[in-house]
Number of protein chains: 2
Amino acid sequence: MNNFIYYAPTKVYFGKGEHEKVGEIVAGYGFKKVFLHFGGGSVKRSGLLDTVETKLREAGIDLVEFGGAQPNPVISHAREGIALCRREGCDLVLAVGGGSAIDESKVIAVGSQNDADPWEFTTKKKVPEKALPVGVILTLAATGSEMSASAVITNDELGLKRGYNSDFHRPLFSILNPELTYTVPPYQTACGIVDIMMHTLERYMTIPSEAEISDRIAEGLVKTVITAGRAAMANPKDYEARANLMWAGSLSHNDLTGCGRSYMTVSHQIEHELSGMFPEVAHGAGLAVIFPAWMRYTYKHYLSRFTQYAVRVWNCEMNFDHPERTALEGIEKTEEYFRSIGMPLRLSELGIGEDSIHEMAVKCTNYGTRVLKGPIEYGEKEIEEIYRLCL
Amino acid sequence: MNNFIYYAPTKVYFGKGEHEKVGEIVAGYGFKKVFLHFGGGSVKRSGLLDTVETKLREAGIDLVEFGGAQPNPVISHAREGIALCRREGCDLVLAVGGGSAIDESKVIAVGSQNDADPWEFTTKKKVPEKALPVGVILTLAATGSEMSASAVITNDELGLKRGYNSDFHRPLFSILNPELTYTVPPYQTACGIVDIMMHTLERYMTIPSEAEISDRIAEGLVKTVITAGRAAMANPKDYEARANLMWAGSLSHNDLTGCGRSYMTVSHQIEHELSGMFPEVAHGAGLAVIFPAWMRYTYKHYLSRFTQYAVRVWNCEMNFDHPERTALEGIEKTEEYFRSIGMPLRLSELGIGEDSIHEMAVKCTNYGTRVLKGPIEYGEKEIEEIYRLCL
């Protein structure tokens, strides 16, 4: 077990009807003016935004609306939000939505309190000194942003999707009501399932480390997501399934499963180039294509972990004489599962062709200035080969 | 999954040498005067206390020493600490030790900032309004108090051991260096192992609830503690074993495994009467006696959970025709394990006889004013029968 710092201070209010407490929660902290941030029309159409605004007003809280966060949020829009937030003198940024709204809220919460352009923080050229607190009402189980230190955003001019971690990004509180996810369409639900699994698996399978507790928790989370995912796809209003997905989503990205180990979110980095260049590609769908390819490219270099994954998560029988067959079986089961929930497994299904591969690989290494680390190192050549594997 | 609130804000610094950062950590928060609280001589003899004081002073922090926390801390001693803490105007209570020092620190941190007698808070007659923050340098993996909302203390006049939960009890930061537990003697290590397992198992096995994520995490934690416990008993300086015990200890009592479920710490309540009346009985040893008796008394009323426990935690084979045999096997494996790490399984081994049973049962129900809840309810009669089972 490596040394680590674990800090996940977000207060979580979980369950049926919990979002109705938003007024008393916000007032309890003493906030006066909320920057209410959301994405598209769904939170309006469902009546959720109305409910939130009513509850806030009833509690004597002032608010400013700022909608329009895109599924892959962009820095140009965040800059508008930053300017508005400053002008209005808000003291809390409240995101109502999924990872897009939450991540953009985090960028706004930080950007509004610092002079530098927000992209400087995202690219780690500068470090923020302060930030507004962030609150969340979650409507989509996927990114884990409701408890994480992460904020990912795309520079629309450059076509680059990047993220950075900061304690300023950890929400003060998050309200998680699984009922709010009943209306999430099947494709988005499936994308969320993949993203949640990947947050755990990236920590579990990338850089060889010894961390038994994190292993066991990771395996438990992924097993739960697999069964809850099937159930939620079959019945969108299965409360227990939606609840398990939601809570697994939060626990998979708040660093709990990273404690004591080294890791790098390799598949995420490789996937970011897809949605950086092709913003219409959903993050989870991109991951469903990349991860199996990464696994097939990598498994012989970390056979013990890939066999452990197959046996413990997928209940494969261990082939002691030929463990690589067990490892492959785990990969195949993963692919079958992704396929069964409607996810793509090939770049061509996402409309991405061979001609984009080289550019994505170059960008992924930040133009040759970084390698991704796993059981082996992934430079431009290796990343290109992985893209090729899933063409 | 029931509705729940999850709030575990403690910042954890985990690993080799982390305690040496205490000066910069405390200074980083802006604290000026530390109430340094510890138990007996071991933290002095080991040189740890010296190191802590040196680091604090180097960082310009003032400090007041208050030692003497007993293994089952007593309210009379806490009252002395409260008076001293007030007189000295400290702004942080720093516990250096195990659960005893930490729990008493929590009682002092709360008591020093409120007028009422501290026992009023422990017995839930009053609710505290404020408290000093608490920091921890952990030297014993057992109670989980370094991340929990719990503080347990004994009223030495009345011979009653009670505890209550409060967010004020959650430490601001905890420094967990497994190397500091290398010198913990075998008996204490074993008591700690039992306490850690019990924190998880009480949530897992008491009140029937559906909470799959919490189940999986619980099973993972207990499996890890079982193997790490064996390893640490065999080699006290096995870093990985000590690290797994320490981190499992924290995660087992910060409410993570309670999320979404109902539970009651039934065996803990029954055990408190032992160490309430017989303060020399170590908490973990008492639990090792009580828990198997509680399991034998209870298992037929929650057969699904006891079979799941046997199969998933102890790798027993499921007997589909006679599941009660599987459940019993899980209980037997637990007893064998406790015995193998040197724990008692009988009250007589702790020097407690039949003559004390009735009084303990009466006190446990708070003189007939409460029942303990599990798959069934436990009143005075049931609790007495459980004590009788382990005579």
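Residues numbered from 1 in each chain as written. Chains lettered and ligands numbered in written order. Predicted model: local features only at pLDDT ≥ 70, side-chain atom pairs only at ≥ 80, totals over all residues. Heavy atoms only, no water.

Draft legend 1. Region of the structure containing the sheet that holds strand β2 (residues 11-14) of chain A. Reading across from one edge, β4(A)-β3(A)-β5(A)-β6(A)-β9(A)-β2(A)-β1(B) is the order of the seven strands in this open sheet, with mixed pairing throughout. Two strands lie at the open edges of the sheet, namely β4 (62-66) of chain A together with β1 (4-6) of chain B, each paired on one side alone. For this sheet the average axis-to-axis angle between neighbouring strands, irrespective of direction, equals 15°. Both strand β6 (residues 134-138) of chain A and strand β9 (residues 173-176) of chain A contribute to a ladder of four bridges, which runs parallel. Residue pairing across strands places isoleucine 137 of chain A opposite isoleucine 175 of chain A, the latter belonging to β9 of chain A. (Pairing = 2+ DSSP bridges. Helix = DSSP H or I, 4+ residues; strand = E, 2+ residues; numbered from the N terminus. Axes fitted to C-alpha atoms, helices over the stretch in contact; angles between N-to-C directions.)

Draft legend 2. Just the relation of the copies chain B and chain A, in detail. Between chain B and chain A, the superposition needs a rotation of 180° and an axial shift of 0.0 Å, giving an RMSD of 0.0 Å. As the rotation angle and translation indicate, the two copies are arranged about a two-fold axis. Of every C-alpha in chain B, the one belonging to proline 9 of chain B sits nearest the axis of rotation, 1.8 Å from it. (Least-squares fit on C-alpha atoms with pLDDT ≥ 70 in both.)

Draft legend 3. Fine view of the nonpolar core. Counting 208 residues, the largest nonpolar core has Trp247 of chain A together with Trp247 of chain B as the members making the most contacts within it. Sequence-distant contacts of tryptophan 247 of chain A, defined by excluding residues within four places in its chain, comprise Val12, Phe14, Met147 and Leu176 of chain A together with Phe4, Tyr6, Ile213, Leu256 and Cys259 of chain B. (Core = buried A, V, L, I, M, F, W, Y, C linked by side-chain atoms within 4.5 Å. Buried < 20%, exposed > 50% of the residue type's maximum accessible area, 1.4 Å probe, protein only. Contact = heavy atoms within 4.5 Å.)

Draft legend 4. The arrangement of the sheet that holds strand β1 (residues 4-6) of chain A in detail. As summarised here, the arrangement of the seven strands in space is β1(A)-β2(B)-β9(B)-β6(B)-β5(B)-β3(B)-β4(B), forming an open sheet in which the pairing is mixed. The sheet terminates laterally at β1 of chain A together with β4 (62-66) of chain B, the two strands that pair on one side only. Geometrically, the sheet is characterised by an average inter-axis angle of 15° between neighbouring strands, direction not taken into account. Relative to strand β5 (residues 92-97) of chain B, strand β3 (residues 33-38) of chain B runs parallel, the two sharing five bridges. Paired with histidine 37 of chain B across the two strands is alanine 95 of chain B, which belongs to β5 of chain B. Across the sheet, helix α1 (residues 22-29) of chain B lies against β2 (11-14), β3, β5, β6 (134-138) and β9 (173-176) of chain B, angled at about 170° from β9 of chain B, the strand it touches most.

Draft legend 5. Quick look at the packing of aromatic side chains. In the structure shown here, the tally under the stated rule is 26 aromatic pairs over all chains. Plain terms: the ring middles of tryptophan 294 of chain B and phenylalanine 306 of chain B are 5.9 Å apart, the flat faces sit at 40° to each other, and that makes the pair tilted. Taken together, the residues tryptophan 294 of chain B in helix α11 (residues 283-298) and phenylalanine 306 of chain B in helix α12 (residues 303-314) connect sequence positions 12 residues apart. Of the two residues, tryptophan 294 of chain B and phenylalanine 306 of chain B, both sit in the buried class. Clustering of aromatic rings is evident, with ring pairs tying together Phe4 and Tyr6 of chain A together with Phe14 and Trp247 of chain B. The ring of tyrosine 239 of chain B carries lysine 16 of chain B above its face, with NZ or CZ at 4.5 Å from the centroid. (Phe/Tyr/Trp six-rings, centres within 6.5 Å; stacked < 30°, edge-to-face > 60°. Lys NZ or Arg CZ within 6 Å of the ring centre and 35° of its normal.)

Draft legend 6. Broad picture of the packing of helix α12 (residues 303-314) of chain A against helix α13 (residues 323-340) of chain A. Residue and element names in this part refer to chain A. In the contact formed by α12 and α13, the axes pass within 8 Å of each other and the chain directions differ by 55°. Classified by the angle between their axes, α12 and α13 sit oblique to one another. Seen along the crossing, α12 lies across α13 with a hand that is left-handed. For the pair formed by α12 and α13, the contact residues are Leu303, Phe306, Thr307, Tyr309, Ala310, Val311 and Trp314 on the first element and Pro323, Glu324, Thr326, Ala327, Gly330, Lys333, Thr334 and Tyr337 on the second. For the contact of α12 with α13, a count of residues per class yields nine nonpolar, four polar and two charged. (Parallel < 35°, antiparallel > 145°, perpendicular 65-115°, else oblique. Left-handed = near helix turned anticlockwise from the far one by under 90°. Nonpolar A, V, L, I, M, F, W, Y, C, P; charged D, E, K, R; others polar.)

Draft legend 7. Region of the structure containing the interface of chain B and chain A. Across the contact, 38 residues belong to chain B and 38 residues belong to chain A. Between chain B and chain A, a total of about 3,400 Å² is buried, with carbon and sulfur atoms accounting for 60% of that surface. On inspection of chain B and its partner chain A, the count reaches two salt bridges. When the shortest N-O distance is used, the salt bridge between aspartate 167 of chain B and lysine 11 of chain A registers 3.8 Å. Mapped by element, the contributors of at least two residues to the side of chain B that touches chain A are β1, β2, α8 (212-234) and α9 (239-251) of chain B. For β1 of chain A and β2 of chain B, the ladder comprises three bridges, and the chain directions are antiparallel. (Buried area = accessible area lost by both parts, 1.4 Å probe. Salt bridge = Lys/Arg side-chain N within 4 Å of Asp/Glu carboxyl O.)

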